[in-house]
Amino acid sequence: MDRSSLLQLIQEQLDPENTGFIGVETFASLVHSHELPLDPAKLDMLVALAQGNDEGQISSKRSSSFKRAIANGQRALPRDVLLDETGLGIYKRFVRYVAYEILPCEMDRRWYFYQHRTCPPPVFMAAVTLTQIIVFLCYGARLNKWVLQTYHPEYMKSPLVYHPGHRARAWRFLTYMFMHVGLEQLGFNALLQLMIGVPLEMVHGILRISFLYLAGVLAGSLTVSITDMRAPLVGGSGGVYALCSAHLANVVMQPLLGAGASLVPARHPSVHPSIRPSVRPSVHPPTFPQNWAGMRCPYKLLRMVLALVCMSSEVGRAVWLRFSPPLPASGPQPSFMAHLAGAIVGISMGLTILRSYEESLQDQCGWWVLLLSYGTFLLFAVFWNIFAYDLLGAQIPPPP
(Lines give C-alpha, C1' and ligand atoms only; values in the text may rest on other atoms or scores of the structure.)
Protein backbone atom coordinates (compact mmCIF):
# COMPACT_ATOMS: atom_id res chain seq x y z
CA MET A 1 0.00 0.00 0.00
CA ASP A 2 1.53 3.27 -1.08
CA ARG A 3 1.32 6.58 0.73
CA SER A 4 -1.64 8.01 -1.20
CA SER A 5 -3.62 4.79 -0.73
CA LEU A 6 -2.97 4.82 2.99
CA LEU A 7 -4.09 8.44 3.30
CA GLN A 8 -7.21 7.70 1.30
CA LEU A 9 -7.96 4.69 3.52
CA ILE A 10 -7.56 6.78 6.64
CA GLN A 11 -9.81 9.48 5.26
CA GLU A 12 -12.58 7.37 3.75
CA GLN A 13 -12.79 4.26 5.93
CA LEU A 14 -11.37 5.16 9.31
CA ASP A 15 -12.46 8.78 9.58
CA PRO A 16 -15.38 9.30 7.19
CA GLU A 17 -16.67 12.31 9.14
CA ASN A 18 -13.26 14.02 8.97
CA THR A 19 -13.03 14.52 12.73
CA GLY A 20 -9.27 14.18 12.76
CA PHE A 21 -9.35 11.32 15.30
CA ILE A 22 -8.94 7.55 14.94
CA GLY A 23 -9.37 5.10 17.81
CA VAL A 24 -6.29 3.29 19.06
CA GLU A 25 -7.92 -0.11 18.56
CA THR A 26 -8.90 0.83 15.01
CA PHE A 27 -5.36 1.86 14.26
CA ALA A 28 -3.97 -1.40 15.66
CA SER A 29 -6.49 -3.38 13.60
CA LEU A 30 -5.40 -1.53 10.47
CA VAL A 31 -1.74 -2.36 11.10
CA HIS A 32 -2.42 -6.03 11.85
CA SER A 33 -4.86 -6.77 9.05
CA HIS A 34 -3.20 -4.91 6.19
CA GLU A 35 0.45 -5.53 7.12
CA LEU A 36 1.52 -2.12 5.87
CA PRO A 37 5.05 -1.99 4.40
CA LEU A 38 6.25 0.58 6.91
CA ASP A 39 9.79 0.47 8.20
CA PRO A 40 10.28 0.74 11.99
CA ALA A 41 11.13 4.45 11.81
CA LYS A 42 7.83 5.22 10.08
CA LEU A 43 5.93 3.15 12.59
CA ASP A 44 7.72 4.89 15.45
CA MET A 45 6.42 8.22 14.21
CA LEU A 46 2.86 6.90 13.94
CA VAL A 47 3.08 5.44 17.43
CA ALA A 48 4.30 8.82 18.70
CA LEU A 49 1.19 10.41 17.23
CA ALA A 50 -0.99 7.98 19.14
CA GLN A 51 0.92 8.57 22.36
CA GLY A 52 0.25 12.29 22.03
CA ASN A 53 -3.41 11.75 22.92
CA ASP A 54 -4.56 10.47 26.31
CA GLU A 55 -8.16 9.66 25.36
CA GLY A 56 -7.55 6.45 23.44
CA GLN A 57 -7.54 8.23 20.09
CA ILE A 58 -4.95 9.02 17.47
CA SER A 59 -5.16 12.62 16.36
CA SER A 60 -3.92 14.13 13.14
CA LYS A 61 -4.04 17.53 14.83
CA ARG A 62 -1.20 17.00 17.27
CA SER A 63 2.45 18.01 17.01
CA SER A 64 2.93 15.84 13.94
CA SER A 65 0.50 14.70 11.27
CA PHE A 66 -0.02 11.43 9.46
CA LYS A 67 0.92 13.13 6.23
CA ARG A 68 4.20 14.42 7.64
CA ALA A 69 4.96 11.15 9.38
CA ILE A 70 4.53 9.14 6.19
CA ALA A 71 6.16 11.71 3.92
CA ASN A 72 9.26 11.87 6.11
CA GLY A 73 9.32 8.20 7.04
CA GLN A 74 12.13 7.43 4.61
CA ARG A 75 14.53 9.24 6.94
CA ALA A 76 15.28 6.57 9.49
CA LEU A 77 15.47 8.03 12.98
CA PRO A 78 17.70 6.23 15.49
CA ARG A 79 15.51 4.26 17.86
CA ASP A 80 17.54 4.85 21.02
CA VAL A 81 16.64 7.51 23.56
CA LEU A 82 18.67 10.68 23.08
CA LEU A 83 20.07 10.46 26.60
CA ASP A 84 21.78 7.22 25.56
CA GLU A 85 23.66 8.88 22.68
CA THR A 86 27.43 8.82 23.18
CA GLY A 87 30.35 10.48 21.44
CA LEU A 88 28.56 13.81 20.96
CA GLY A 89 30.47 17.07 20.67
CA ILE A 90 29.90 20.04 22.94
CA TYR A 91 27.44 21.74 20.62
CA LYS A 92 25.41 18.57 19.94
CA ARG A 93 25.20 17.95 23.69
CA PHE A 94 23.88 21.48 24.07
CA VAL A 95 21.30 20.82 21.34
CA ARG A 96 20.23 17.68 23.19
CA TYR A 97 19.97 19.70 26.40
CA VAL A 98 17.76 22.24 24.63
CA ALA A 99 15.57 19.45 23.24
CA TYR A 100 14.93 18.06 26.73
CA GLU A 101 14.51 21.54 28.16
CA ILE A 102 11.84 22.69 25.71
CA LEU A 103 10.11 19.68 24.13
CA PRO A 104 8.00 17.22 26.17
CA CYS A 105 7.74 14.38 23.63
CA GLU A 106 10.63 12.03 22.94
CA MET A 107 9.75 11.83 19.25
CA ASP A 108 9.74 15.64 18.97
CA ARG A 109 13.10 15.76 20.71
CA ARG A 110 14.59 13.27 18.31
CA TRP A 111 13.03 15.07 15.36
CA TYR A 112 14.51 18.38 16.50
CA PHE A 113 17.89 16.86 17.38
CA TYR A 114 18.45 15.25 13.98
CA GLN A 115 16.88 18.07 11.97
CA HIS A 116 18.59 20.93 13.81
CA ARG A 117 20.76 23.26 11.75
CA THR A 118 23.15 25.87 13.06
CA CYS A 119 21.88 28.41 10.51
CA PRO A 120 20.10 30.61 11.30
CA PRO A 121 21.44 30.91 14.86
CA PRO A 122 19.26 32.28 17.69
CA VAL A 123 20.28 35.86 17.02
CA PHE A 124 17.16 37.70 18.15
CA MET A 125 17.36 37.13 21.90
CA ALA A 126 21.14 37.52 21.84
CA ALA A 127 20.87 40.80 19.92
CA VAL A 128 18.17 42.19 22.22
CA THR A 129 20.15 41.29 25.34
CA LEU A 130 23.39 42.73 23.95
CA THR A 131 21.65 45.97 22.95
CA GLN A 132 20.12 46.31 26.42
CA ILE A 133 23.53 45.85 28.03
CA ILE A 134 25.18 48.39 25.73
CA VAL A 135 22.44 50.98 26.34
CA PHE A 136 22.68 50.46 30.09
CA LEU A 137 26.46 50.83 30.08
CA CYS A 138 26.23 54.03 28.01
CA TYR A 139 23.72 55.67 30.33
CA GLY A 140 25.50 54.37 33.43
CA ALA A 141 28.79 55.91 32.31
CA ARG A 142 27.12 59.12 31.20
CA LEU A 143 25.13 59.60 34.42
CA ASN A 144 27.70 57.93 36.70
CA LYS A 145 24.81 55.97 38.23
CA TRP A 146 24.33 52.18 38.04
CA VAL A 147 21.31 51.57 40.28
CA LEU A 148 17.97 53.38 40.42
CA GLN A 149 18.85 55.32 37.28
CA THR A 150 15.26 56.54 36.91
CA TYR A 151 15.84 58.93 39.81
CA HIS A 152 18.36 60.86 37.78
CA PRO A 153 16.61 63.81 36.06
CA GLU A 154 18.52 63.30 32.81
CA TYR A 155 17.60 59.64 32.54
CA MET A 156 13.91 60.21 31.84
CA LYS A 157 14.82 62.57 28.98
CA SER A 158 15.96 59.63 26.91
CA PRO A 159 14.07 59.26 23.60
CA LEU A 160 13.72 55.54 24.37
CA VAL A 161 11.73 55.80 27.62
CA TYR A 162 7.94 55.51 27.51
CA HIS A 163 6.35 58.53 29.17
CA PRO A 164 2.60 59.36 29.13
CA GLY A 165 3.45 62.88 28.03
CA HIS A 166 5.13 61.52 24.89
CA ARG A 167 2.42 59.11 23.76
CA ALA A 168 2.41 60.62 20.28
CA ARG A 169 5.95 59.29 19.77
CA ALA A 170 4.80 55.80 18.94
CA TRP A 171 8.26 54.22 18.89
CA ARG A 172 8.49 54.66 22.66
CA PHE A 173 5.86 51.93 23.13
CA LEU A 174 8.56 49.47 22.01
CA THR A 175 11.94 51.11 22.62
CA TYR A 176 11.42 51.33 26.38
CA MET A 177 12.51 47.68 26.48
CA PHE A 178 16.13 48.79 26.00
CA MET A 179 16.11 50.96 29.16
CA HIS A 180 16.31 49.59 32.71
CA VAL A 181 15.92 50.98 36.21
CA GLY A 182 19.28 49.66 37.27
CA LEU A 183 21.72 46.80 37.29
CA GLU A 184 19.35 44.54 39.23
CA GLN A 185 16.53 44.76 36.68
CA LEU A 186 18.90 44.34 33.75
CA GLY A 187 20.46 41.31 35.44
CA PHE A 188 17.12 39.59 35.99
CA ASN A 189 15.92 40.23 32.45
CA ALA A 190 19.18 39.26 30.79
CA LEU A 191 19.37 36.04 32.82
CA LEU A 192 15.85 34.97 31.88
CA GLN A 193 16.26 35.98 28.24
CA LEU A 194 19.40 33.88 27.89
CA MET A 195 18.25 30.99 30.08
CA ILE A 196 14.79 30.59 28.55
CA GLY A 197 14.57 32.83 25.47
CA VAL A 198 17.57 31.44 23.59
CA PRO A 199 16.50 27.76 23.91
CA LEU A 200 12.97 28.69 22.87
CA GLU A 201 14.30 30.50 19.81
CA MET A 202 16.50 27.54 18.89
CA VAL A 203 13.49 25.21 18.88
CA HIS A 204 10.64 27.39 17.64
CA GLY A 205 12.53 29.78 15.39
CA ILE A 206 13.20 33.49 15.28
CA LEU A 207 9.83 34.49 13.80
CA ARG A 208 7.63 32.93 16.46
CA ILE A 209 9.77 33.91 19.45
CA SER A 210 10.43 37.47 18.25
CA PHE A 211 6.70 37.91 17.62
CA LEU A 212 5.86 36.63 21.11
CA TYR A 213 8.51 38.80 22.77
CA LEU A 214 7.51 41.98 20.95
CA ALA A 215 3.81 41.25 21.51
CA GLY A 216 4.52 41.13 25.24
CA VAL A 217 6.53 44.37 25.09
CA LEU A 218 3.81 46.22 23.18
CA ALA A 219 1.04 44.84 25.39
CA GLY A 220 3.00 45.95 28.45
CA SER A 221 3.29 49.60 27.44
CA LEU A 222 -0.30 49.80 26.21
CA THR A 223 -1.57 48.25 29.44
CA VAL A 224 0.37 50.82 31.46
CA SER A 225 -1.13 53.62 29.34
CA ILE A 226 -4.61 52.32 30.28
CA THR A 227 -4.26 51.17 33.89
CA ASP A 228 -1.48 53.39 35.25
CA MET A 229 -1.91 56.55 33.21
CA ARG A 230 0.56 58.75 35.10
CA ALA A 231 3.48 56.32 35.18
CA PRO A 232 6.44 56.02 32.80
CA LEU A 233 7.85 52.66 31.82
CA VAL A 234 11.30 51.13 31.30
CA GLY A 235 12.66 47.60 31.01
CA GLY A 236 12.00 44.57 28.81
CA SER A 237 9.92 42.79 31.43
CA GLY A 238 6.82 42.63 29.21
CA GLY A 239 8.61 40.49 26.65
CA VAL A 240 10.53 38.50 29.27
CA TYR A 241 7.37 37.58 31.15
CA ALA A 242 5.64 36.62 27.90
CA LEU A 243 8.40 34.08 27.16
CA CYS A 244 8.74 32.78 30.71
CA SER A 245 5.03 32.41 31.41
CA ALA A 246 4.50 30.67 28.06
CA HIS A 247 7.30 28.21 28.78
CA LEU A 248 6.23 27.50 32.35
CA ALA A 249 2.60 27.10 31.26
CA ASN A 250 3.68 24.68 28.56
CA VAL A 251 5.47 22.63 31.22
CA VAL A 252 2.77 22.46 33.92
CA MET A 253 -0.59 23.34 32.35
CA GLN A 254 -1.22 20.11 30.46
CA PRO A 255 -4.07 17.73 31.28
CA LEU A 256 -3.16 14.88 33.60
CA LEU A 257 -2.62 11.45 32.14
CA GLY A 258 -6.01 9.88 32.31
CA ALA A 259 -7.04 6.31 32.77
CA GLY A 260 -7.75 5.93 29.07
CA ALA A 261 -5.85 3.86 26.59
CA SER A 262 -2.41 4.78 25.39
CA LEU A 263 0.11 2.97 23.25
CA VAL A 264 3.13 0.91 24.21
CA PRO A 265 5.27 -1.34 22.04
CA ALA A 266 4.21 -4.99 21.72
CA ARG A 267 5.19 -7.89 19.54
CA HIS A 268 2.77 -9.96 17.48
CA PRO A 269 4.22 -13.02 15.78
CA SER A 270 1.64 -12.95 13.01
CA VAL A 271 2.45 -9.39 11.97
CA HIS A 272 4.76 -8.63 9.08
CA PRO A 273 8.34 -8.06 10.40
CA SER A 274 8.54 -4.63 8.80
CA ILE A 275 5.91 -3.20 11.11
CA ARG A 276 7.17 -4.58 14.42
CA PRO A 277 6.89 -3.43 17.12
CA SER A 278 3.14 -2.99 16.88
CA VAL A 279 0.83 -1.16 19.26
CA ARG A 280 -1.62 -2.27 21.89
CA PRO A 281 -3.82 -0.35 24.32
CA SER A 282 -2.48 0.10 27.80
CA VAL A 283 -4.01 1.74 30.85
CA HIS A 284 -1.99 4.06 33.07
CA PRO A 285 -3.22 5.80 36.22
CA PRO A 286 -3.15 9.58 36.43
CA THR A 287 0.33 10.89 37.15
CA PHE A 288 2.16 14.16 36.64
CA PRO A 289 1.23 16.49 33.79
CA GLN A 290 2.42 15.11 30.48
CA ASN A 291 4.86 17.86 29.61
CA TRP A 292 6.30 18.08 33.13
CA ALA A 293 6.90 14.34 33.31
CA GLY A 294 8.32 14.32 29.80
CA MET A 295 10.91 17.04 30.24
CA ARG A 296 13.60 14.89 31.79
CA CYS A 297 16.20 17.61 31.90
CA PRO A 298 18.56 17.61 34.91
CA TYR A 299 17.57 19.89 37.80
CA LYS A 300 14.36 20.97 36.07
CA LEU A 301 12.63 21.62 39.41
CA LEU A 302 15.54 23.73 40.62
CA ARG A 303 15.62 25.74 37.42
CA MET A 304 11.86 26.25 37.44
CA VAL A 305 12.03 27.48 41.05
CA LEU A 306 14.89 29.80 40.07
CA ALA A 307 12.84 31.27 37.21
CA LEU A 308 9.81 31.78 39.47
CA VAL A 309 11.96 33.40 42.15
CA CYS A 310 13.48 35.78 39.59
CA MET A 311 10.06 36.67 38.18
CA SER A 312 8.39 37.20 41.55
CA SER A 313 11.35 39.18 42.88
CA GLU A 314 11.25 41.46 39.87
CA VAL A 315 7.51 42.07 40.31
CA GLY A 316 7.98 42.77 44.03
CA ARG A 317 10.82 45.18 43.34
CA ALA A 318 8.76 47.01 40.69
CA VAL A 319 5.73 47.37 43.02
CA TRP A 320 7.98 48.64 45.81
CA LEU A 321 9.63 51.25 43.59
CA ARG A 322 6.28 52.35 42.18
CA PHE A 323 4.50 52.98 45.49
CA SER A 324 7.32 53.41 48.03
CA PRO A 325 10.25 55.06 46.23
CA PRO A 326 13.38 54.98 48.41
CA LEU A 327 14.61 58.35 47.11
CA PRO A 328 12.90 61.67 46.38
CA ALA A 329 11.72 61.75 42.78
CA SER A 330 10.42 64.47 40.50
CA GLY A 331 7.56 62.29 39.27
CA PRO A 332 5.98 58.82 39.40
CA GLN A 333 8.31 55.86 39.12
CA PRO A 334 7.98 53.22 36.36
CA SER A 335 4.90 51.04 36.46
CA PHE A 336 4.81 47.29 37.13
CA MET A 337 1.74 46.55 34.99
CA ALA A 338 3.89 45.54 32.01
CA HIS A 339 4.93 42.41 33.93
CA LEU A 340 1.32 41.30 34.30
CA ALA A 341 0.44 42.12 30.70
CA GLY A 342 3.40 40.13 29.42
CA ALA A 343 2.40 37.14 31.55
CA ILE A 344 -1.13 37.22 30.13
CA VAL A 345 0.22 37.33 26.58
CA GLY A 346 2.50 34.39 27.33
CA ILE A 347 -0.17 32.21 28.94
CA SER A 348 -2.62 32.82 26.10
CA MET A 349 -0.85 33.47 22.82
CA GLY A 350 2.54 32.11 23.84
CA LEU A 351 1.18 28.80 25.10
CA THR A 352 -0.49 28.22 21.73
CA ILE A 353 2.79 28.95 19.93
CA LEU A 354 4.88 26.62 22.08
CA ARG A 355 2.39 23.77 21.87
CA SER A 356 2.46 23.97 18.07
CA TYR A 357 5.97 22.70 17.43
CA GLU A 358 6.27 21.68 13.75
CA GLU A 359 2.62 22.62 13.27
CA SER A 360 1.21 25.44 11.20
CA LEU A 361 -0.44 28.13 13.28
CA GLN A 362 -2.47 29.32 10.31
CA ASP A 363 -4.47 26.08 10.34
CA GLN A 364 -5.60 26.50 13.95
CA CYS A 365 -8.85 28.28 14.69
CA GLY A 366 -7.72 29.07 18.24
CA TRP A 367 -4.69 30.95 16.92
CA TRP A 368 -6.89 33.26 14.84
CA VAL A 369 -9.15 33.85 17.84
CA LEU A 370 -6.12 34.90 19.89
CA LEU A 371 -4.86 37.17 17.10
CA LEU A 372 -8.30 38.76 16.81
CA SER A 373 -8.42 39.30 20.58
CA TYR A 374 -4.95 40.83 20.59
CA GLY A 375 -5.81 43.06 17.62
CA THR A 376 -9.00 44.20 19.39
CA PHE A 377 -6.96 45.09 22.46
CA LEU A 378 -4.49 47.07 20.33
CA LEU A 379 -7.30 48.97 18.64
CA PHE A 380 -8.95 49.75 21.97
CA ALA A 381 -5.62 50.92 23.43
CA VAL A 382 -4.97 53.21 20.46
CA PHE A 383 -8.35 54.91 20.85
CA TRP A 384 -7.83 55.10 24.61
CA ASN A 385 -4.52 56.90 24.17
CA ILE A 386 -6.04 59.31 21.65
CA PHE A 387 -9.22 60.26 23.48
CA ALA A 388 -9.37 58.99 27.08
CA TYR A 389 -6.67 61.20 28.61
CA ASP A 390 -8.52 64.37 27.63
CA LEU A 391 -11.99 63.02 28.37
CA LEU A 392 -10.99 61.81 31.84
CA GLY A 393 -8.89 64.86 32.60
CA ALA A 394 -5.92 62.73 33.61
CA GLN A 395 -3.27 64.72 35.47
CA ILE A 396 -0.12 63.36 33.90
CA PRO A 397 3.28 64.65 34.96
CA PRO A 398 4.93 67.09 32.55
CA PRO A 399 7.19 65.31 30.06
CA PRO A 400 10.91 65.75 30.72
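Residues numbered from 1 in each chain as written. Predicted model: local features only at pLDDT ≥ 70, side-chain atom pairs only at ≥ 80, totals over all residues. Heavy atoms only, no water.

Trainee: Report on helix 5 (residues 90-102), specifying residues and quantitative values.
Mentor: A rise of 1.5 Å per residue sets the reference length of helix 5, with its 13 residues, at 18 Å; its end C-alpha atoms lie 18 Å apart and thus fit the reference within 8%. If you check which residues of helix 5 are buried, you get Val95, Arg96, Val98, Ala99, Tyr100, Glu101 and Ile102. (Helix = DSSP H or I, 4+ residues; strand = E, 2+ residues; numbered from the N terminus. Expected span 1.5 Å × (residues − 1). Buried < 20%, exposed > 50% of the residue type's maximum accessible area, 1.4 Å probe, protein only.)

Trainee: I'd like to hear about the pattern of salt bridges, residue by residue, with values.
Mentor: Under the definition given, this model contains four salt bridges. One salt bridge connects Glu154 with Lys157, and the closest N-O pair in it is separated by 3.3 Å. Looking at Glu154, the relative accessible area reads 32%, which means it is partly exposed. Since its relative accessible area comes to 45%, Lys157 is described here as partly exposed. A salt bridge links Arg317 to Glu314; the nearest nitrogen and oxygen atoms lie 2.7 Å apart. Taken as a pair, Arg317 and Glu314 lie in helix 13 (residues 300-323) at a separation of three residues, close to a single helical turn. Residue classification places Arg317 among the buried positions, given a relative accessible area of 11%. Overall, the relative accessible area of 1% leaves Glu314 in the buried class. (Salt bridge = Lys/Arg side-chain N within 4 Å of Asp/Glu carboxyl O.)

Trainee: Tell me what's going on with the packing of helix 5 against helix 9 (residues 183-204), and back it up with residues and numbers.
Mentor: Running from N to C, helix 5 and helix 9 cross one another at 95°; their axes reach a closest spacing of 10 Å. If you check the angle between helix 5 and helix 9, you find them roughly perpendicular. Between helix 5 and helix 9, the contacting residues are Tyr91, Phe94, Val95, Val98 and Ile102 on the first element and Pro199, Leu200, Met202, Val203 and His204 on the second. Residue composition of the contact of helix 5 with helix 9, by class: nine nonpolar, one polar and no charged. (Axes fitted to C-alpha atoms, helices over the stretch in contact; angles between N-to-C directions. Parallel < 35°, antiparallel > 145°, perpendicular 65-115°, else oblique. Contact = heavy atoms within 4.5 Å. Nonpolar A, V, L, I, M, F, W, Y, C, P; charged D, E, K, R; others polar.)

Trainee: Explain the packing of aromatic side chains to me, using residue names and the numbers behind them.
Mentor: The final tally for this structure, using the stated rule, is 11 aromatic pairs. Between Tyr162 and Phe173, the ring centres sit 5.1 Å apart and the planes meet at 50°, which makes this aromatic pair tilted. Taken together, the residues span a long stretch of sequence, with Tyr162 in the loop between helix 7 (123-143) and helix 8 (172-175) and Phe173 in helix 8 at a distance of 11 residues. Over the ring of Phe113 we find Lys92; its NZ or CZ atom is 4.2 Å from the centre of that ring. Residue placement shows Arg167 over the ring face of Tyr389; its charged tip is 3.7 Å from the ring centre. (Phe/Tyr/Trp six-rings, centres within 6.5 Å; stacked < 30°, edge-to-face > 60°. Lys NZ or Arg CZ within 6 Å of the ring centre and 35° of its normal.)

Trainee: So what's going on with a nonpolar patch on the surface? Which residues, and what values?
Mentor: Residues Leu379, Val382, Phe383, Ile386, Phe387, Leu391 and Leu392 make up a contiguous nonpolar surface patch of roughly 740 Å² in combined accessible area. By the secondary structure assignment, Phe383 is in helix 15 (residues 365-392). (Patch = residues over 30% accessible without salt bridge, like charges linked within 9 Å, V, L, I, M, F, W, Y side chains within 5 Å. Areas by Shrake-Rupley, 256 points an atom, 1.4 Å probe, with all protein chains shown as cover.)

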